[in-house]
Amino acid sequence: METIVFFKYQGTGNDFVIIDNRELTFDKNNVELIARLCDRKFGIGADGLMLLENHETLDFTMVYYNADGNESSMCGNGGRCLVSFAQFLGIVKEEANFVAIDGFHLAHVLDDGIVSLQMSKVSLVEVFPEHVFTNTGSPHHVQLTDDLDHTDVFTQGRAIRNKLYGKEGANINFVEPQEGNVFKVRTYERGVEGETLSCGTGVTAVALAMHSTKQTPDKEVILLTLGGELKVKYRPTPQGYEDIWLTGPAVQVFKGEIEA
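Residue positions within a chain follow its written sequence, with the count starting from 1. In keeping with the predicted nature of the model, local features appear solely for residues at pLDDT of at least 70, side-chain atom pairs appear and are counted solely at 80 or more, and the whole-chain, interface and lining totals rest on all residues. As a rule here, side-chain values come from all non-hydrogen atoms in the structure, and water together with hydrogens is ignored.

Go over the overall build of the protein chain with me, naming the residues and quoting the values.
Here a helix means four or more residues in a row that DSSP labels H or I, a strand means two or more in a row labelled E, and each is numbered from the N terminus. Per the secondary structure count, the protein chain includes four helices and 17 strands. Radius of gyration: over C-alpha atoms. The globule rule applied is 2.2 Å multiplied by the number of residues raised to the 0.38 power. For the protein chain, whose C-alpha radius of gyration is 17 Å, the value lies close to the compact-globule estimate of 18 Å for 260 residues. Its C-alpha atoms put the protein chain at 55 × 35 × 30 Å along the principal axes. Looking at the 260 residues of the protein chain, the share that counts as buried comes to 55%. Contact between two residues is taken to exist if any of their heavy atoms lie within 4.5 Å; hydrogens are not considered. Within the protein chain, contacts between residues at least 6 apart in sequence are counted, and of these 60% link residues at least 24 apart. Between buried and exposed lies partly exposed: a residue is buried under 20% and exposed over 50% of the maximum accessible area for its type, with that area taken using a 1.4 Å probe on protein chains only.

Right, dumping it as structure tokens:
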């Protein structure tokens, strides 16, 4: 049996197992192990697992796995938590630059544990009669509702995910506008195959979708998730959106060891 040292982090309730893998000791191809570590009844419990690894020229490399054990696309809240972890390890101070599966990212660690992460540029926001689709590092479906609190996110989200997006899937976001530039959001995440308390790439997609459909003229949007508040600011261009920043808390919950 091998002892794995891990850290548990959460960003607005989106929680992660994080492992320092700079020595490349973790078995990255063991899907069953990763899924077990993320299992909330038989493991540590998390929406995903991340590895922090070395990079030749940047501060670090981010490797992200969904709770089902498979390597996945970008995770915004995960990226923010990994930056906080890198600061905890002494790898970075107030600024971090790293690479993830969707490319280069810059981040700033602000006061009170707040991390601001620059997301990838978005060149395409597809507006359909009933929903918006865009990719903010992960694929996202966004649709409005007038009663978010009573929306069956699990049942409806799973149905839309399977019917419209097939095996590859997409994340399904339900949005209810509040006053001004404030929107309430709930998300069904692929890979987790259920509702999470928050989704970073999801609220980013929601912000761009709300601007694209003229639900808000503002260039900074406040997103209220079940796990807390996030902010997304962006710069519209003729080619899409650039200078996109996701900002919110990133908190270390505990450190532990587990036999695997």
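Please set out the side chain of Lys-8 residue by residue, giving values where relevant.
Considering the arrangement of structural elements, one finds Lys-8 in strand β1 (residues 3-11). A residue is classified by how much of its surface remains accessible, and Lys-8, at 9% relative accessible area, is buried. Between N or O atoms, a polar contact is any pair within 3.5 Å; within protein, one atom must be a potential hydrogen donor and the other a potential acceptor, and residues adjacent in sequence are included only when both atoms are from side chains. At 2.9 Å, the side chain of Lys-8 and the backbone oxygen of Gly-45 are in polar contact. In this structure Lys-8 touches Asp-15, Phe-16, Ile-44, Gly-45, Ala-46, Val-251, Gln-252, Val-253 and Phe-254, once residues within four positions along its chain are discounted.

So what's going on with helix α2 (residues 76-89)? Residues and values would help.
For α2, with 14 residues, the first-to-last C-alpha span of 20 Å sits near the 20 Å given by 1.5 Å per residue. Most of α2 is tucked away, with 11 of its 14 residues classed as buried. When α2 is considered as a whole, its buried residues turn out to be Gly-76, Asn-77, Gly-78, Gly-79, Arg-80, Cys-81, Leu-82, Val-83, Ser-84, Phe-85 and Ala-86. In the stretch just after α2, Gly-90 is the one whose phi turns positive, near 85 degrees. Under the convention used throughout, the expected extent of a helix is 1.5 Å for every residue step, that is, one less than its residue count.

Give me the pairing of strand β11 (residues 171-177): which residues, what numbers.
Burial runs high along β11: six of the seven residues are buried. Alignment of strand β10 (residues 139-144) against β11, held across five bridges, turns out to be parallel. From the neighbouring strand, His-140 faces β11, where its bridge partner is Asn-171. With helix α3 (residues 153-165) bridging β10 and its parallel neighbour β11, the resulting β-α-β unit is right-handed. Direction of pairing for β11 relative to strand β12 (residues 182-189): antiparallel, over a ladder of six bridges. Paired with Ile-172 across the two strands is Tyr-188, which belongs to β12. Only when DSSP finds a minimum of two bridges between them are two strands counted as paired. Two successive antiparallel strands, β11 and β12, enclose a turn made up of four residues, where Gly-180 displays a positive phi of approximately 65 degrees. Handedness rule for crossovers: strands pointing away from the viewer, path from the first strand over the helix to the second running clockwise, crossover right-handed.

A description of the environment of Pro-236 should follow, citing residues and the corresponding values.
In this structure, Pro-236 sits in strand β15 (residues 228-237). When near neighbours in sequence (up to four residues on either side) are disregarded, Pro-236 contacts His-211, Lys-219 and Tyr-241.

Residue-level account of the pattern of salt bridges, with values.
Criterion for a salt bridge: a side-chain nitrogen of Lys or Arg within 4 Å of a carboxyl oxygen of Asp or Glu. The tally for this structure, following the rule as stated, stands at nine salt bridges. Salt-bridge contacts for Glu-195 lead to Arg-186; the nearest nitrogen and oxygen are separated by 2.7 Å. Relative accessible area serves as the criterion here: at 28%, Glu-195 is assigned to the partly exposed category. For Arg-186, a relative accessible area of 13% gives the class buried. A single network of salt bridges, built from pairs that share partners, joins Lys-8, Asp-15, Arg-40 and Asp-47.

Bear in mind that shape data such as this cannot, by itself, settle questions of function.
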